[in-house]
Amino acid sequence: MIFGRSERGKPPVEPVTLKILVAGGFGVGKTTLVGAVSEIRPLRTEELLTEAGRPVDDTSGVEDKHTTTVAMDFGRITLREDLVLYLFGTPGQERFWFMWDELSEGALGAVVLADTRRLEDCFAAVDYFERRSIPFVVGVNCFEGADRYPADTVRQALDLDEEVPVVLCDARDRESVKEVLIDVVQHAMEYAAGRRRSVAT
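Residues numbered from 1 in each chain as written. Predicted model: local features only at pLDDT ≥ 70, side-chain atom pairs only at ≥ 80, totals over all residues. Heavy atoms only, no water.

S.K.: Quick question: what am I supposed to make of empty space enclosed by the protein here?
M.R.: Rolled over the atoms, a probe sized like a water molecule indicates the empty space that remains. As enumerated under the stated definition, the model contains 2 cavities of 30 Å³ or more in all. The space that makes up the largest cavity amounts to roughly 50 Å³. If you trace the largest cavity, you find it lined by T116, V140, N141, C142, F143, A146, D147, R148, Y149 and L168. Here the residues of the lining of the largest cavity sort into 6 nonpolar, 2 polar and 2 charged. Computed from the structure, the second largest cavity encloses a volume of approximately 40 Å³. If you go around the second largest cavity, the residues you meet are G25, F26, V28, A114, D115, R118, L119, D121 and C122. Of the residues contributing to the lining of the second largest cavity, the split by class is 5 nonpolar, 1 polar and 3 charged. (1 Å grid on protein atoms, 1.4 Å probe; cavity = no way out; pocket = protein on both sides within 12 Å on 5 of 7 lines; lining within 4 Å. Points joined across faces, edges and corners; volume = space filled by probe spheres on them. Nonpolar A, V, L, I, M, F, W, Y, C, P; charged D, E, K, R; others polar.)

Now the structure itself:
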């Protein structure tokens, strides 16, 4: 690329950008998921957990966690020359939820990460996306030592609509995360098509 022109004389392609949010409770693996698939070194805004935060940052079940996201995680995946996917990991603690409205602006869809040991921690994210009509997929992060449950059992526990996909995943594994993101894009497309049909009728 030389002065904004490709070597073959073709103008550079301005890529279409898609935005997916990664939400869920504290310590569920959002930062890990973004890092597993990002082609760039992810932007992370993590700080050490402190004694002052201990009363509000419940680390039961994630005792080995020593840092927390205080703004967002950001990663990028180039799908094609003309198509780029941006991932935004949201902060999990309630005191940072004011940022969610800003991050969700223009989002194609979302992943709500869930930990079966602390399933109630993702209720707020599920409620947030349902109220704002943002299509989302629930990804159950299969932690070592955690009980495994069928997707339908998780769906019932979270009181999800039948059309919301629930998938088991490993937030550390690139291929597993890619499958989750594909599910988000497909679900978002089906969701948009359904809304267009309802408007037409």
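S.K.: Could you clarify how one ought to interpret unusual backbone geometry in this entry?
M.R.: Leave glycine aside and you will find that most residues have negative phi; peptide bonds, for their part, are mostly trans. If you check the backbone angles, S133 has positive phi at about 55° while not being a glycine. Relative to the helices and strands, S133 resides in the loop between α3 (123-131) and β6 (136-141). Despite not being glycine, D159 shows a phi value in the positive range, around 55°. On the basis of relative accessibility, which here comes to 63%, the residue D159 falls in the exposed class. (Helix = DSSP H or I, 4+ residues; strand = E, 2+ residues; numbered from the N terminus. Buried < 20%, exposed > 50% of the residue type's maximum accessible area, 1.4 Å probe, protein only.)

S.K.: I keep staring at the side chain of K30 and nothing clicks. Help me out?
M.R.: Relative to the elements of secondary structure, K30 occurs in helix α1 (residues 30-37). Notably, K30 is buried but unbridged: the nearest opposite-charge side chain belongs to D73, and the N-O separation is 6.9 Å. A distance of 3.4 Å separates a polar atom in the side chain of K30 from the backbone oxygen of G24. (Lys, Arg positive; Asp, Glu negative; His and termini not counted. Salt bridge = Lys/Arg side-chain N within 4 Å of Asp/Glu carboxyl O. Polar contact = N/O pair within 3.5 Å; in protein donor to acceptor, adjacent residues only side chain to side chain.)

S.K.: How should a negative patch on the surface be read in this particular structure?
M.R.: Taken together, the side chains of E130, D159, D161, E162 and E163 make up a negatively charged region of the molecular surface. Judged by its relative accessible area of 36%, E130 falls in the partly exposed class. (Patch = residues over 30% accessible without salt bridge, like charges linked within 9 Å, V, L, I, M, F, W, Y side chains within 5 Å. Areas by Shrake-Rupley, 256 points an atom, 1.4 Å probe, with all protein chains shown as cover. Charge placed at Lys NZ, Arg CZ, Asp CG, Glu CD.)

S.K.: Can you help me understand the pattern of salt bridges in this one?
M.R.: Between side chains of opposite charge, a pair can form as their charged atoms come close. The final tally for this structure, using the stated rule, is 10 salt bridges. In this structure, D82 and R80 form a salt bridge, with 2.9 Å as the shortest nitrogen-oxygen distance. You can call R80 partly exposed: its relative accessible area is 49%. Close ionic contact of R155 with D152 constitutes a salt bridge, the shortest N to O distance being 3.8 Å. Residue R155 and its partner D152 are both found in helix α4 (residues 151-158); the two are separated by 3 residues, about one turn of the helix.

S.K.: Even after reading the chapter, I still don't get the environment of D101, so can you show me in this structure?
M.R.: Checked against the element boundaries, D101 lands in helix α2 (residues 100-104). It is 9.8 Å that separates the C-alpha atoms of D101 and R132, two residues lying 31 residues apart in sequence. Aside from chain neighbours lying at most four places away, what touches D101 is Y128 and R132. One polar contact links D101 to Y128, side chain to side chain, over a distance of 2.6 Å. (Contact = heavy atoms within 4.5 Å.)

S.K.: Can you help me understand the nonpolar core in this one?
M.R.: As a rule of thumb, soluble globular proteins bury nonpolar side chains together. Among the nonpolar cores identified, the biggest contains 25 residues, and L21, V112, F129, F136, V138, L158 and L160 are the most heavily contacted of them. Broken down by secondary-structure element, the contributors of at least two residues to this core are β1 (16-24), α2, β5 (109-114), α3, β6 and α4. The biggest single contributor to this core is α3, with 4 residues. Residues contacting F129, with those up to four places away along its chain left out, are L21, A23, A110, V112, I134 and F136. (Core = buried A, V, L, I, M, F, W, Y, C linked by side-chain atoms within 4.5 Å.)

S.K.: Explanation requested: the packing of α1 against helix α5 (residues 174-200) in the structure shown.
M.R.: Two quantities define a packed helix pair, namely the angle between the helix axes and the distance between the axes. Put simply, α1 and α5 touch, their axes get as near as 9 Å, and they point 100° apart. Considered as vectors, α1 and α5 are oriented roughly perpendicular to each other. In contact with L33, A36 and V37 of α1, α5 contributes R174, V177, K178 and L181. The residue inventory of the contact of α1 with α5, partitioned by class, reads 5 nonpolar, no polar and 2 charged. (Axes fitted to C-alpha atoms, helices over the stretch in contact; angles between N-to-C directions. Parallel < 35°, antiparallel > 145°, perpendicular 65-115°, else oblique.)

Keep in mind these values describe shape, not function.
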